[in-house]
Amino acid sequence: MRNFRIGCGYDVHQLKENNSLILGGVTIPHYKGTIAHSDGDVVLHAICDALLGAAGLGDIGHFFPDNDQKYKNIDSKILLKKVYFMIQKKGYVIENIDVSIVLEAPKLKNYLAEMKIQISQCVDLSVNDVNIKATTSEKLGFIGREEGVACYATTLIKS
């Protein structure tokens, strides 16, 4: 009998001019980027939280605290690979990953395929089992004012 578990993840970062915008392991050319201790990749952080939650392991901040200098400016693909190893160690495999990015600008349509590739390579998953959607907040709230970016991730794992 298979043991299926679902995890949900969420991350948000403030945007600031002249910072890098990295989403799903892909650098997006834009005049604003995230303010963060790591590289600020909300997509990979949300996926990490979803996987950790599904496996009952807690959250990303527990394993990679934002006050630990060894994670300063770290590539979030490294964090995702570490999380993947943790869930594998518990006997889980990933069935699929579904992501929703909420960002007013820039438009992400041309970067979604590369994000899927980057994510699938980090967790040894078929690109067909990674789905990424991008939307805006219709000019409402901090995202609508282009002050931040948010991401929601859902994962299904099984043992």
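Residues numbered from 1 in each chain as written. Predicted model: local features only at pLDDT ≥ 70, side-chain atom pairs only at ≥ 80, totals over all residues. Heavy atoms only, no water.

1. Remarks on the overall build of the protein
Across its full length, the protein carries five helices and seven strands. In the protein, the order of α-helices and β-strands from amino to carboxyl end is β-β-β-β-α-α-α-β-α-β-α-β. In terms of overall size, the protein behaves like a compact globule, its C-alpha atoms giving a radius of gyration of 15 Å where 159 residues would be expected to give roughly 15 Å. For the protein, buried positions account for 49% of its 159 residues. Pairs at least 24 residues apart make up 73% of the contacts formed inside the protein by residues separated by at least 6 positions. Carbon and sulfur atoms make up 50% of the accessible area of the protein, which totals about 8100 Å². Of note, the protein has its 18 positive side-chain charges centred 4 Å away from the centre of its 18 negative side-chain charges. (Helix = DSSP H or I, 4+ residues; strand = E, 2+ residues; numbered from the N terminus. Rg over C-alpha atoms; globule rule 2.2 N^0.38 Å. Buried < 20%, exposed > 50% of the residue type's maximum accessible area, 1.4 Å probe, protein only. Contact = heavy atoms within 4.5 Å. Areas by Shrake-Rupley, 256 points an atom, 1.4 Å probe, with all protein chains shown as cover. Lys, Arg positive; Asp, Glu negative; His and termini not counted. Charge placed at Lys NZ, Arg CZ, Asp CG, Glu CD.)

2. Comments concerning the pattern of salt bridges
Scanning the entire structure with this criterion turns up three salt bridges. Salt-bridge contacts for lysine 158 lead to glutamate 95; the nearest nitrogen and oxygen are separated by 3.1 Å. You can see lysine 158 sitting in strand E7 (residues 148-158) and its partner glutamate 95 sitting in strand E5 (residues 93-102), a full 63 residues away along the chain. Here lysine 133 ties to aspartate 98 by a salt bridge, and the two come within 2.8 Å at their closest N and O atoms. Here the residue lysine 133 occupies a position in strand E6 (residues 130-135), and aspartate 98 occupies one in strand E5, the gap between them amounting to 35 residues. For lysine 133, a relative accessible area of 33% corresponds to the partly exposed category. The class for aspartate 98 is partly exposed, based on a relative accessible area of 26%. (Salt bridge = Lys/Arg side-chain N within 4 Å of Asp/Glu carboxyl O.)

3. Notes on the sheet that holds strand E4 (residues 32-34)
Read from one edge of the open sheet, five strands run E4-E1-E7-E5-E6, paired in mixed fashion. In this open sheet, the two edge strands, each paired with only one partner strand, are E4 and E6. Recorded for the sheet is a direction-independent mean angle of 20° between the axes of neighbouring strands. Judged from the 11 bridges that link them, strand E1 (residues 4-17) and E7 form a sheet pairing that is antiparallel. Along E7, the bridge assignment pairs isoleucine 6 with leucine 156. Seen against the sheet, helix H4 (residues 112-122) touches E5 and E6 and runs at an angle of roughly 140° to E6. (Pairing = 2+ DSSP bridges. Axes fitted to C-alpha atoms, helices over the stretch in contact; angles between N-to-C directions.)

4. Description of helix H1 (residues 42-54)
The terminal C-alpha atoms of H1, which comprises 13 residues, lie 18 Å apart, in line with the 18 Å expected from a rise of 1.5 Å per residue. Taken across its 13 residues, H1 has 12 buried, putting it largely inside the fold. Within H1, the full set of buried residues consists of Val42, Val43, Leu44, His45, Ala46, Ile47, Cys48, Asp49, Ala50, Leu51, Leu52 and Ala54. N-capping of H1 is provided by aspartate 41, with a side-chain oxygen placed 3.1 Å from the backbone N of valine 43. (Expected span 1.5 Å × (residues − 1). Polar contact = N/O pair within 3.5 Å; in protein donor to acceptor, adjacent residues only side chain to side chain.)

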